[in-house]
Amino acid sequence: MKSKELSETIEINQQTPTKTILNPWQPFWAEQKEFDLKSGKYLKIWHGPQHPGVTGNMALELTLQGDVVVDCKTHVGYLHRGFEKLMERRKFIQCFPIVCRICVPEPDYNEYLFAAAVEELAGIQVPERGQWIRTLVLEMIRLASLTMGLGGQAGAFGLVPVGQWGVAHRDFILDLFEELTGGRIYHMYIIPGGVRQDFPDDEFPHRVELVLQKLEKLILDIEKLMFNNAVFKARTKGLGKIPAEWVELFGITGTNARAAGVPIDVRKDNPYLVYEQLDFEMILGSASDVYERSLLRKEEILNSINLIRQIFKKMPNKGEVRIKLPNVLHWKVPAGETYVRAETSRGEMGYYMVTDGSEYPRRVHVRGASYTHAMALLEQLAVGVSIADVAGLMVSLQTCPPEIER
Amino acid sequence: MEDKEIKNVMDEGFKPEVYFCDARPKVVTPVANKFVRKFYNWAQANSLWILAFGTGCGSIELPPLYKARYDVSRFGIFPRPTPRQAGVFIISGYLSVKTLKRVIRSYEQMQNPKFVLGLGSCTVNGGMYFDSYNTINRLDYYLPVDVYIAGCMPRPEALIAGFNELKKLIKEGRAEGANKYVENLDWYKANQKKIIKDWDLPEYNW
Amino acid sequence: MEDILNRLDQKFYVQARYVQRPNLAFVTLKKNVAVQAITYLRDVEGFRHLVMISAVDYIEQNMFQLTYILHNYQLHSDIAVRVELDRENPVMDSLHHLWAAAQVYQREIKEMFGIDFPGSPRVDEPMILEGWDNIPPMRKEFDTKKYSEETYFPREGRASCDPVKIMEKKLYRVEAEVKYEIKRVVRDNRNKSADAN
C-alpha cells in the first residue's frame, strides 16, 4: 500500500509544474493553490519563526506531501519597527542612529544611501577623500556580510566548520571597524557631507592588509572543504534554479541575478562614489542554482579584497574628509524627491526620499535588497524542494528579514 | 497511524485541549535540604542552554558568542533548537507585537528551571524605538526578566558578563523569574492580552 | 530621456514632469491611464525592472501620491510615475499581472496606507501587522508616539531629550536664560494686548 502511495506522490509532483493558465490577469505567480488537508495526503507545517534554519526572524507556511514542498507562503512582520514612520518624526541627523538598524549585517549601506539622498536634495558636495573612505567602508562591510553569508550557506547544509570560520573571520573585520568608527556592529560613520573622522593612524591600511591576507587564506580552505565536497555538490547542484526570464519579472538583483547570467550590477551600471575609477569585472554565472550562487559569492569576496587594495593604492593621502555644514539640528532640506541606489551583497538597495522644505523628511521609503527575493520569489522556488533543503535555499537567496518589513 | 485514524482526526478538527495541557502552572519550591539545594543550584548554573530564537537584531551577536573567539561553551552555554531542551531565553532586542505572541508561546513551553535574559536597551525601556507603534517598551510587563544587558547592541563580552551575573543569581537561589510568572500569572496575562488583539492561544499551554 | 518623455506625453497626457538627474525623471499621470502608460513603458520603451512602489501621504492637499519607479537596464535610467489619488476611498488598479514583485508592494501599501488594489493576490491578508484595529499606521494623522504611550507601558523617568535645549543649557546658559526671558515677556505682552482687545 505504501508503494502505491509513493507512486502517486511522484505523479503529482511531475504534474504540478507543467500546469499553465492562459488568463493574463491570473499568471502563475498569482495562482492560489487549494489543498484538501482532510484527505491526509498533505501536511501543513510552519518553518519558523522559532526555527534554527530560517535566516533571521520570518516564517514559511509549508504544505508538504511526503518530504516535498507543494506550497509555500511567506510570513513576515516579526521584526517590524515602523522605521519609515519613525523617520517622519525625527530630524535629518536624528535619523542616522535608526537607519543603520534597518539591515543588521550591512548597516553602512543604509547610512550611505540616506546621506546620499540628503546630499542630492540639498546640493552638498562631498570632498574626495571622504568619498574614498566611504567606498572603503562599504566594501569592508560587504566583505563581512559575504563572509558570514558563505559560512551560513555551508552551515545550512551541515558543513558547520565553514560556518565557524566565516563568523570568526568576520570578527576580524569588525575589529577594524571598531578602530575606524568606534562601533562594532552599528557604526553611524557616514553622515551628510562626508564621514565622521579620518583614519585612526597611518598604520591602519597595513592592519587591513593583514586581515585581507587572512581572508584569502580562508578562501583557499573553503574551496577545499566546501566547493570540492561531494555531499555539498550533490545537494546544491540543480537546487533552486532561477530562470533568467524571472529576473525582470520578480525584480531580482545582485548575485542572484548575476548567477542566472543577467549582467546587472549597480556599481557598473550607475556608478556611485568612486567606482568609476576602480578596476573590476562583473562576475557572471550561468547555472543559477544554489551551488553557482555560493561560488559567485566566493568570487565576490575575492573581488572585494581586490577593490579594498585598489582603494588604498589610489586614494589621496591627505585632504578633508567632511565639509563644514551648519548646525545639524536646524537643517532644512529643500523640497524635492529623489531615488538613490547602491549595490549591497544581496542586491540593489535604494532610498526614495520626499522632502517638503521642513526640518523633517516627508517620506522615506526603503527598497530592501531582498524584499522581492524573500517574498514572491521564495514562494515559487520552494515548490518541489525537499523540506531538508528549504533552509539552504533561503540562505542562498540571502534573505534579510529586517529590511523586508523595516 | 492508520489511514482511517488520520482521517478521523482530520474530520474532527484540531482540538488544542486534547493535545496540550492547559492546567495552571504551579510554583516550584526549592528543595528543603540545604546541601541538596546548593548542589541543584550549582548544577543549574553550569548548564545554561539557550533557546536559539533570534527575536531581534541582537541575534547577530549570538553566532560570534558560540564560535571560536568568544566560545561560551566553555561555561556550559550552548544553543538548543527547541524550547523543550532549553533553559535560558535570550530576548535579543526589541519585540514587535507579532513576535511577542510567539515568544510567550515558546516561553511557556520551556521546562523549569527557566530564565529570561533581556538583551539590549530596547527590552529595558524601548530604547530607540520608544515611540514605535509596533514594539513593546518594557519587557518586564509581559515576561519575568532575570538579568538585563544594556547597550545597543551589547558586545559579546557584555553578554558573557550577563551570563556570569545570571549564574551568581542562580547559585544564590535568587533567579526566581519562573515562579514570579506563575504567582502573577493573571497580571501578566492581562498585560499580554492588552496588546495582542487577536488572542487565539490557550490560557497557558505547555 | 527627453525623447522618451515627449513620446509618453503624446500617447498619455503627462500632467507634470520634472527631471531630477539626467537619469531620473518624475512624471505625473492621470489615474485612469497610469497602468496603460506603465505597460507601454515596460513593453515598448524597455523599462523592464520595477524598482519599487511607494505611497506618500499629502494630508494638506487631501491626496495620496503613488510612485512607481521603473528602471531601464539598457539606458541605465529611471522613470518614476506618480499618480495622485483621492484620500477618501483610495483605489488603484493592480499591477500584479505585469510583475510578480508588484503583489508584495501592493499588499504592504494596502496595509500601511489603506489604498486598495482590487484583484491583487492575498491583498486583504494582513502582511506585517497582526490584529491591527486602528487607522493604517503610515497615514499622517496617526500619531505613533501617542499610540505607543497609550498601549505599551512606558518606563517612567524617560526625560525628553531635546538636543537644542540641552546644548543651550550646557554651553550658553546665560544667553539661553536671557533668550527665554525675552520670549516670555513678549508672549505675556501679546497675551495682555489680546485680552485687552
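Everything numeric in this text was worked out from a predicted model, so none of it was measured. Within any chain, residue numbers begin from 1 and follow the written order of that chain's sequence. Each chain takes a letter, starting from A, and each ligand takes a number, starting from 1, following the order in which they are written. Whole-chain, interface and lining totals are the exception, using all residues; otherwise, since this is a predicted model, local features are given only for residues with pLDDT of at least 70 and side-chain atom pairs are given and counted only at 80 or more.

(A) Seen up close, the sheet that holds strand β1 (residues 16–21) of chain C. Residues and elements named next belong to chain C. Spatial ordering of the open sheet is given by β1-β2-β5-β4-β3, a layout of five strands whose pairing is mixed. The open sheet is flanked by β1 and β3 (49–58), the only strands paired with a single partner. Here the average twist between neighbouring strands, direction ignored, is 20 degrees. A pair of strands is considered paired only if DSSP assigns at least 2 bridges between the two. A helix here means a DSSP run of H or I that spans at least four residues, while a strand means a run of E at least two residues long, and both kinds are numbered starting from the N terminus. Of the pairings in the sheet, the one linking strand β4 (residues 63–72) to strand β5 (residues 77–86) comprises 10 bridges and is antiparallel in character. Opposite Phe64, over in β5, you have Leu85 as the bridge partner. For every residue pair, C-beta atoms are placed from the backbone, and the pair is scored as a contact if these atoms sit within 7 Å. Only the stretch in contact is used when fitting a helix axis, every axis being a line fitted to C-alpha atoms; angles between N-to-C directions are given from 0 to 180 degrees. Where helix α2 (residues 31–43) meets the sheet, its contacts fall on β2 (24–29), β4 and β5, and the angle it forms with β5 comes to roughly 165 degrees.

(B) Seen up close, the interface of chain A and chain C. Listed by partner, the interface residues are 35 residues for chain A and 35 residues for chain C. Looking at the side of chain A that touches chain C, the elements with two or more residues in it are α2 (83–88), α9 (246–249), β6 (336–343), β7 (348–355), β8 (361–367) and α13 (371–381) of chain A.

(C) Expanded view of the confidence of the model for chain A. With 94% of its residues at a pLDDT of 70 or more, chain A has an overall mean of 85. Across residues 1–18 of chain A, confidence stays below pLDDT 50; counting only partners more than four residues off in sequence or on other chains, it has seven contacts. As a per-residue quantity, pLDDT reports the predictor's confidence and falls between 0 and 100.

(D) Expanded view of helix α7 (residues 156–172) of chain B. All names here are of chain B. Expected span, for any helix, means 1.5 Å times one less than how many residues it has. Look at α7: 24 Å from first C-alpha to last across 17 residues, which is about the 24 Å you get at 1.5 Å a residue. Once C-beta atoms are placed from the backbone, each residue is buried if 20 or more other C-beta atoms lie within 10 Å of its own, exposed if 12 or fewer, and partly exposed for counts between those two. Taken as a whole, α7 has its buried residues at Pro156, Leu159, Gly162, Phe163, Leu166, Lys167 and Ile170. The arc that holds every buried residue of α7, seen down its axis, measures 145 degrees, which confines them to one face. Across from the buried face of α7, at angles greater than 90 degrees, the exposed residues are Glu157 and Glu172. Where α7 is buried, its residues touch α3 (34–45), β1 (48–51), α4 (62–66), β2 (77–80), β4 (115–119) and β5 (147–149). Just past α7, the residue Gly173 takes up positive phi, approximately 75 degrees. Arc, as used here, means the arc of the directions from the helix axis to the C-beta atoms.

(E) The environment of Thr63 of chain A, seen in detail. Mapped onto the secondary structure, Thr63 of chain A falls in strand β2 (residues 59–65). Residues in contact with Thr63 of chain A, not counting those within four places in the same chain, are Phe35, Tyr42, Lys44, Val70 and Asp71 of chain A.

(F) Here's a closer look at the nonpolar core. Working definition: the nonpolar core is a set of buried Ala, Val, Leu, Ile, Met, Phe, Trp, Tyr and Cys residues, joined through C-beta atoms within 7 Å. Judged by nonpolar contacts, the single largest core of 163 residues is most densely connected at Leu113 of chain A together with Leu70 and Val81 of chain C. Of the residues forming this core, the biggest block, 14 residues, is contributed by helix α5 (residues 128–156) of chain A. Setting aside residues no more than four positions away along its own chain, Val81 of chain C makes contact with Val27, Leu29, Ala34, Ala37, Ile38, Tyr68 and Leu70 of chain C. Within the second largest apolar cluster, 44 residues are counted, among which are Leu62, Val97, Val116 and Ile136 of chain B.

(G) Structural view of the sheet that holds β2 of chain A. Residues and elements named next belong to chain A. Overall, antiparallel pairing links the three strands, which are arranged β1-β2-β3 in an open sheet. In this open sheet, the two edge strands, each paired with only one partner strand, are β1 (43–47) and β3 (68–75). Neighbouring strand axes in the sheet, compared pairwise and without regard to direction, differ in orientation by 25 degrees on average.

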